[in-house]
Every structure is written in C-alpha cells, then in structure tokens.
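Understanding the architecture of this molecule
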Amino acid sequence: MNSEPGTFFSPDYATARDRFTRAARAAGARTEAIALDARGPAREALTIDIAWLGAPDADRVLLHTSGMHGVEAFPGCAVQLAALSEFAALAPGCALVLAHALNPYGMARLRRTNENNVDLNRNFLAPGESYRGSPPLYARIDAVLNPASPPGFDFFRLKALGLVMRYGMGALRQAVAQGQYDYPRGLFYGGSMLEQGPALFLGWLGCKLARVRYLFVLDAHSGLGAWGEQTLIGAPGVNATGALELAGALAHAVIDPADSRSPAYTIRGGMAGALRHTLPAARMDFVLQEIGTCSAIAVLGALREENRWHHYGAATVDHPAKLALREALCPGSPVWRRRVLAHGRGLLERAAVWTWNYGER
Ligand SMILES: [Zn+2]
C-alpha cells in the first residue's frame, strides 16, 4: 500500500468499509459485522465492522472506535486503516479491537446523526434516566439553530454573533451541545430510547469483553479545537490513570469537560458511562480524541445547513450542504490529513504500550 497518509482516507462509506475488512483480514484479524436495519443512500446494507487482532481470550484490550458522529468517521477510519497496514503481533493476553463506523448511516449520508436524527454520543443515558429535557437556553435559540426550511442565506453568522454577545460563548456552547431530548429534528438530539446501533454494539461488547480485566478506549472525533491539533477529553466518572499517564507521555493535557475554562463541554448520554455499566468488572480508561478543523461557529453553521437539507430538502448526498459538512469535519487539505494520521497513530501507540503493560507496573 502507498504510505502517503492521504491514501488511507476513503471517499465514501462503502469504499471505507471494503478497505477496512480487506486490510483486517490481511493483518490476520478476525472480523465481524453488526448489521443495522437502516440503509445507505443507494439502499445498501449498513454495518458496524469490527476487527479483532490478537488473543481471542485477551484480558487486556485496546478498543479504538470511529464514526460515532457519522461524517466524522473519515479521519478515524483512516487511522484504523493505517494501524492495520502496520500491525505487528501482540503479546499473549492482549488484543487490539477496531470498531469501524459506529454510525454507518451518518457516514454514508454525510451527516452527524443516525437514521433517527439521533446524536449517538448523547444517546447512552444511564438505565432509568429519562429521555426528556433540554437546557433551558436551547428553547430560546431553537428557531435560530433549527429553521424549518431548506438551506439558504439568512445571516446565521450574524445571528450567532448576537447570541454569543447576549448569552456568552461558554453558556451558549453548553446549551447547544450538551444534548437535548425535546426537539427531534434539532441539532444534538439525544433520542427517545437507546438506538439500534448503540444497543447492538454494547451487547457485542458485553458478550465478547466480559472477561477483560483492563480496557483502554480511544474514541475518534473531529471538529473541536484548533485546525490540525488534537484535544484529548476524559470522561467524568471513569478512571483516568491511564489517560493521564498517556497525556504525560504525549506532553498533552487530558481535558476535564466539566472544567469551565476548557473548550469542551459536559454532555448527557456519552458512551463512556455506558461502557462502564456494560463491563463493570473491567478497569477502564477512556479518552476521546478530537482533531480540530475550523471555528466552532463554522462547524455549527455547516451542521445547521446539512440538517435543514436533510429534513426540509431532498437530502441527497451530493448537495453542497452535505459536501460542506464533510469538508468542515474532514478537510481535504493534505497537511490536515497528515496531522490526523500523526495524532491518531501517536495516541494508539502510546495507549497500546500502556495497555499491554497493564498489571506489570
Ligand atoms: Zn464527534
């Protein structure tokens, strides 16, 4: 395979899935596909694909997930393809598990959310927690955030600037992105129940990782932070020893999303809590890796336009609003793509060393 970083990036979901499964088999991985009911734009089947490298009965597992946010899958999948291309044998008792495109519908249709407009990283509520409620400020900005019309120029940036001046950037970001359960066509909608993809994925993990003693999870995202830079975000309530050690090795902070000075924000229904609940016997570290693209307002504007086209237009995947969203979350710049590969591989390597040595410190 050509080692130029850009070649690990695929142009669409079907190509990415095909390359992933071929590379996984070539690397000696066992592969599984979790089939979903939703279909792609050409009515093609959609699957969450998994490659298991190393011991079938591993007690130390490094899990790398891509595509929780659909269109953000392109960089995460490129990192997984690169990892498969350079995979070396693991020590006994260790496994590297790559989960490709947790939201294949969003990847195939170039949107952040799944077939029910659900933001999957707001969908994993704790057992008994109600799929209801929204930040109070969300109701006040709903009309600006989610216009019930196809995309069109309507001074969004000016309106957004007005909202920032009125409410402050921190409060606004928290209200918009925390997750809401009352506006099914709105952005950052967390759903009304656990969605099929997350439910099947958790079920698979609960079955296959039941005996795992230590699990390190790396969840790949894009769109937050400075262009081409990585931001590492921890998960409240989840052990962070490994994450912090890793951060030290990378000379890079792991951000506490609850820290009001951080560029991140707290969310409801993130995946980390659900993993904790699914695998109660395992010690776990969790790091969400963001690679920055453009400004927060530009990303929000692109999400907003695509959402309008999806609900109030023809929702075709070649519409400029779809392509602009992909560019906002996976820029075509070769420099940016090289940085994705460098950050992605670097974090995977460090996490692998930490995971394989777990219990020997
Ligand atoms: Zn994301």
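Predicted model only: the values in this text are computed from it and were never measured.

Once that is clear, we can look at the overall build of the chain. On a plain count of helices and strands, the chain comes out with 12 helices and 8 strands. Here the C-alpha atoms of the chain give a radius of gyration of 19 Å, agreeing with the 21 Å that 2.2 N^0.38 yields for 361 residues. With the principal axes as the frame, the chain shows a C-alpha extent of 60 × 40 × 40 Å. Looking at the chain alone, contacts between residues at least 24 apart form 80% of all its contacts between residues at least 6 apart. About 14700 Å² of surface is accessible on the chain, with carbon and sulfur atoms providing 57% of the total. For the chain, the separation between the mean place of its 36 positive charges and that of its 31 negative charges on side chains is 2 Å.

For the rest of this paragraph, the subject is the pairing of strand β1 (residues 30-39). Here 8 bridges tie β1 to strand β2 (residues 45-54), and the two strands are oriented antiparallel to one another. Within β2, the residue paired with arginine 30 across the bridge is tryptophan 52. Once β1 ends, the chain turns through 5 residues before running back antiparallel as β2, passing arginine 43 with a positive phi of about 65°.

Overall, the coordinates contain 17 salt bridges when judged by the stated rule. For the salt bridge of lysine 159 with aspartate 154, the shortest nitrogen-to-oxygen distance reads 4.0 Å. A relative accessible area of 38% places lysine 159 in the partly exposed class. Using a relative accessible area of 18% as the deciding quantity, one classes aspartate 154 as buried. Each of the salt bridges in this network shares a partner with another, and the network as a whole consists of Asp154, Lys159, Arg304, Glu305 and Arg308.

What follows concerns the coordination of the zinc ion. Around the zinc ion, the protein contributes the donor atoms His69 (ND1), Glu72 (OE), Glu72 (OE) and His221 (ND1), at 2.1 to 2.8 Å from the metal centre. Taken together, the 4 donor atoms surrounding the zinc ion define angles of 51 to 148° at the centre, an arrangement classified as irregular.

This part covers a nonpolar patch on the surface. A grouping of Phe153, Phe155, Leu158, Leu161 and Met165 is seen on the molecular surface, where their side chains present a nonpolar patch of about 670 Å² in accessible area. Tracing the chain through its elements places methionine 165 in helix α5 (residues 156-167).

A word on the pairing of strand β8 (residues 283-292). Of all 10 residues in β8, 9 are buried, a share of seventy percent or more. The pairing of strand β5 (residues 214-227) with β8 spans 10 bridges and is classified as parallel. When the sheet's bridge partners are listed, phenylalanine 216 is paired in β8 with aspartate 285. Examined bridge by bridge, strand β6 (residues 230-233) and β8 share 4 bridges and lie antiparallel to one another. By the bridge assignment for β8, leucine 232 is matched with glutamine 289.

Okay, the sheet that holds β8 next. Judged by pairing direction, the sheet is mixed, and its 8 strands sit side by side in the order β1-β2-β4-β3-β5-β8-β6-β7 without closing on themselves. With one partner strand each, in any of the chains shown, β1 and β7 (254-255) form the two edges of the open sheet. Contacting β2, β3 (60-65), β4 (94-100) and β5, helix α2 (residues 73-85) crosses the sheet at an angle of about 145° to β4. Relative to the sheet, helix α9 (residues 271-278) contacts β3, β5 and β8, its axis offset from that of β8 by approximately 160°.

Before going further, it helps to examine the packing of helix α7 (residues 196-208) against α9. Interaxial distance between α7 and α9 falls to 10 Å at its minimum, and their mutual angle equals 40°. Read as a crossing pair, α7 and α9 show a hand that is right-handed. Contact residues: α7 offers Phe201, Leu202, Leu205 and Gly206, while α9 offers Met271, Ala274, Leu275 and Thr278. For the contact of α7 with α9, the per-class residue count stands at 6 nonpolar, 2 polar and no charged.

Let us now look at the packing of aromatic side chains. Going through the model one piece at a time under the given rule, you end up with 6 aromatic pairs. Ring pairing ties together the aromatic residues Tyr214, Phe216 and Tyr358, which thus form one cluster. Sitting over the ring of phenylalanine 74, arginine 326 keeps its end group 5.8 Å from the ring centre.

What follows deals with the side chain of asparagine 121. If you trace the backbone, asparagine 121 turns up in the loop between α3 (104-108) and α4 (136-145). When residues no more than four places from it in sequence are discounted, the contact partners of asparagine 121 are Met68, His69, His221, Ile267, Arg268, Gly269, Gly270, Met271 and Leu288.

Turning our attention to the environment of aspartate 12. Counting through the fold element by element, aspartate 12 comes out in the segment before α1 (13-26). The spatial distance from the C-alpha of aspartate 12 to the C-alpha of leucine 110 is 8.8 Å, given a sequence separation of 98 residues. Within polar-contact distance, the side chain of aspartate 12 engages the side chain of threonine 15 at 2.6 Å.

On to α9, then. Those residues of α9 lying buried are Met271, Ala272, Ala274 and Leu275. The buried residues of α9 occupy an angular sector of 165° when the element is viewed end-on, so they sit on one face. Along its buried surface, α9 packs onto β3, α7, β5 and β8.

Right, let's talk about the nonpolar core for a bit. Grouped together as the largest cluster of nonpolar side chains are 108 residues, with contacts concentrated most on Leu62, Phe201, Leu209, Leu215 and Phe286. Once you skip the residues sitting within four places of it in the chain, phenylalanine 201 turns out to touch Ile34, Ile48, Ile50, Leu63, Thr65, Ala99, Leu102 and Met271.

Calculation notes
- Residues numbered from 1 in each chain as written.
- Predicted model: local features only at pLDDT ≥ 70, side-chain atom pairs only at ≥ 80, totals over all residues.
- Heavy atoms only, no water.
- Helix = DSSP H or I, 4+ residues; strand = E, 2+ residues; numbered from the N terminus.
- Rg over C-alpha atoms; globule rule 2.2 N^0.38 Å.
- Contact = heavy atoms within 4.5 Å.
- Areas by Shrake-Rupley, 256 points an atom, 1.4 Å probe, with all protein chains shown as cover.
- Lys, Arg positive; Asp, Glu negative; His and termini not counted.
- Charge placed at Lys NZ, Arg CZ, Asp CG, Glu CD.
- Pairing = 2+ DSSP bridges.
- Salt bridge = Lys/Arg side-chain N within 4 Å of Asp/Glu carboxyl O.
- Buried < 20%, exposed > 50% of the residue type's maximum accessible area, 1.4 Å probe, protein only.
- Donors = N, O, S within 2.8 Å, 3.2 Å for Na, K, Ca; no water.
- Tetrahedral: all angles 85-135°; square planar, octahedral: opposite > 155°, others 65-115°.
- Patch = residues over 30% accessible without salt bridge, like charges linked within 9 Å, V, L, I, M, F, W, Y side chains within 5 Å.
- Axes fitted to C-alpha atoms, helices over the stretch in contact; angles between N-to-C directions.
- Left-handed = near helix turned anticlockwise from the far one by under 90°.
- Nonpolar A, V, L, I, M, F, W, Y, C, P; charged D, E, K, R; others polar.
- Phe/Tyr/Trp six-rings, centres within 6.5 Å; stacked < 30°, edge-to-face > 60°.
- Lys NZ or Arg CZ within 6 Å of the ring centre and 35° of its normal.
- Polar contact = N/O pair within 3.5 Å; in protein donor to acceptor, adjacent residues only side chain to side chain.
- Arc of directions from axis to C-beta.
- Core = buried A, V, L, I, M, F, W, Y, C linked by side-chain atoms within 4.5 Å.

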